[in-house]
Structures are given as structure tokens and as C-alpha cells.
Amino acid sequence: MRVGDLIRIKPEHWQEEDDPTSWQTYPPDSQWIGLVTRILDKHMIEVMWAWSGIAVSEYTEHLEVICSK
């Protein structure tokens, strides 16, 4: 993964439970697309998620590149 890549959560890590009490305002995991904004180390990156515009740190093992820069 490199800065500028578009990523998503790997399908095997999707958690699309129908729990009305949690994560109500978030889209299902299958719809999360993000932009890699910074490489923190070989296991963590900073991602800006398209649905929120917020950049957060994420473990790379749960993510996959869908479009390289």
C-alpha cells in the first residue's frame, strides 16, 4: 500500500450485522472505500474514509488495495 491508493476492508473482515443499537450511522463494511493518506509503519496506515471524510489509523491486515496510485 502506498499514499494515494484506494482501499477497502477485505470481504472476509466485513461485519454486516443487523444490530439496531450499534453503528447506526455508518454504512455497511462492504461500502467502505478509503484513501491512504499516510504510511505509519509496515502494519498501520492512515486512511481517510470516503463516507465520513475522517482520517484514522487502520491495521493493513484487514484492508486491500482496489486502485493503485
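So, here's what we can say about the structure. (Residues numbered from 1 in each chain as written. Predicted model: local features only at pLDDT ≥ 70, side-chain atom pairs only at ≥ 80, totals over all residues. Heavy atoms only, no water.)

## Digging into the packing of aromatic side chains
The final tally for this structure, using the stated rule, is 2 aromatic pairs. Taking 5.1 Å as the distance between ring centres and 65 degrees as the angle between the ring planes, the aromatic pair formed by Trp-32 and Trp-49 counts as edge-to-face. Taken together, the positions of Trp-32 in the loop between strand E1 (6–9) and strand E2 (33–39) and Trp-49 in strand E3 (residues 44–49) put the pair 17 residues apart, joining distant regions of the chain. Each member of the pair, Trp-32 as well as Trp-49, carries the same accessibility label: buried. (Phe/Tyr/Trp six-rings, centres within 6.5 Å; stacked < 30°, edge-to-face > 60°. Helix = DSSP H or I, 4+ residues; strand = E, 2+ residues; numbered from the N terminus. Buried < 20%, exposed > 50% of the residue type's maximum accessible area, 1.4 Å probe, protein only.)

## Some details on the pattern of salt bridges
In this structure the tally under the stated criterion is 2 salt bridges. Between Glu-64 and Arg-8 there is a salt bridge, and its shortest N-O distance comes to 2.5 Å. Here Arg-8 lies in strand E1 and Glu-64 lies in strand E5 (residues 63–67), a separation of 56 residues in the sequence. (Salt bridge = Lys/Arg side-chain N within 4 Å of Asp/Glu carboxyl O.)

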